[in-house]
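Tertiary structure, described
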Amino acid sequence: MAYSYQEICQGEEPWIALGNFMNAWHGDAKTQRLVLVKDPLVTLENITPELQKWATFIAASVEWFCKEYDLPCPTWIYNPTYNLSEPWFYSIGADREKVRQQLMRETPEPFTRRNIYCGKDVSANKYELGKLIAEIREIKARKAQSNLASTSHSAI
């Protein structure tokens, strides 16, 4: 994650840098997850408000990933620097109250505690999503076969 933050600081699109981290977390480096989050972020002395948001988002993300995958959280994420004084509602305008309320309800606690509201799907895992879709298809196929068998049996 520290590397992802450095990429953001150097001008990389945040979701590209974070997507690269997620690819490593869920795919290439699943066995090295603690290594992926252990290093603290190197922040600038005069950090811009935008980079402060992303540093805070990353700290919240690391906490969420560690809790979700039952790993110990690195202590650097608890630095009070990683809290926003003003709420950050990612991807919506301030005047869209209905969306704001939904984000406030659905955003995981590691984010809301830091004043970030981004919704429940912020760390959606495409690797597990594929498995879930396959399982749903299998359940539907079994149900269709069961319904077909019931219909054939009752016709006899």
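Residues numbered from 1 in each chain as written. Predicted model: local features only at pLDDT ≥ 70, side-chain atom pairs only at ≥ 80, totals over all residues. Heavy atoms only, no water.

1. Some thoughts on the packing of helix α1 (residues 2–9) against helix α2 (residues 14–28)
- Contact geometry of α1 with α2 gives a least axis separation of 9 Å together with a crossing angle of 165°. Between α1 and α2, the angle falls in the class roughly antiparallel. Considering only the axes of α1 and α2, their crossing is right-handed. Along its contact with α1, which presents Ser4, Glu7 and Ile8, the element α2 presents Pro14, Ala17, Asn20 and Phe21. (Axes fitted to C-alpha atoms, helices over the stretch in contact; angles between N-to-C directions. Helix = DSSP H or I, 4+ residues; strand = E, 2+ residues; numbered from the N terminus. Parallel < 35°, antiparallel > 145°, perpendicular 65-115°, else oblique. Left-handed = near helix turned anticlockwise from the far one by under 90°. Contact = heavy atoms within 4.5 Å.)

2. Some details on the pattern of salt bridges
- Inspection of every chain in the model, using the stated rule, returns six salt bridges.
- Residue lysine 67 pairs with glutamate 63 through a salt bridge whose shortest N-O separation is 2.8 Å. With lysine 67 and glutamate 63 both in helix α4 (residues 49–68) and four residues apart, the pair spans about one turn of that helix.
- Judged by relative accessible area, glutamate 63 falls into the buried class, the value being 1%.
- Across the pair glutamate 109 and arginine 113 runs a salt bridge whose closest N-O atoms are separated by 2.6 Å.
- One continuous salt-bridge network, built from bridges that share partners, spans Glu63, Lys67, Glu109, Arg113 and Arg114. (Salt bridge = Lys/Arg side-chain N within 4 Å of Asp/Glu carboxyl O. Buried < 20%, exposed > 50% of the residue type's maximum accessible area, 1.4 Å probe, protein only.)

3. Looking at unusual backbone geometry
- Despite not being glycine, aspartate 70 shows a phi value in the positive range, around 55°.
- Unlike most non-glycine residues, asparagine 115 shows phi in positive territory, near 75°.
- Here asparagine 115 falls in the buried class, since its relative accessible area comes to 16%.

4. Side note on the nonpolar core
- Core analysis: the largest hydrophobic core is formed by 32 residues, its most contacted members being Leu41, Phe57, Ile58, Val62, Trp76 and Phe111.
- Among the secondary structure elements, those contributing two or more residues to this core are α1, α2 and α4.
- Among the elements that line this core, the one with the most residues is α4, at eleven residues.
- Non-local contacts of tryptophan 76, meaning those with residues more than four positions away in its chain, are made with Val37, Lys38, Asp39, Pro40, Leu41, Ile58, Ala59, Val62 and Tyr82. (Core = buried A, V, L, I, M, F, W, Y, C linked by side-chain atoms within 4.5 Å.)

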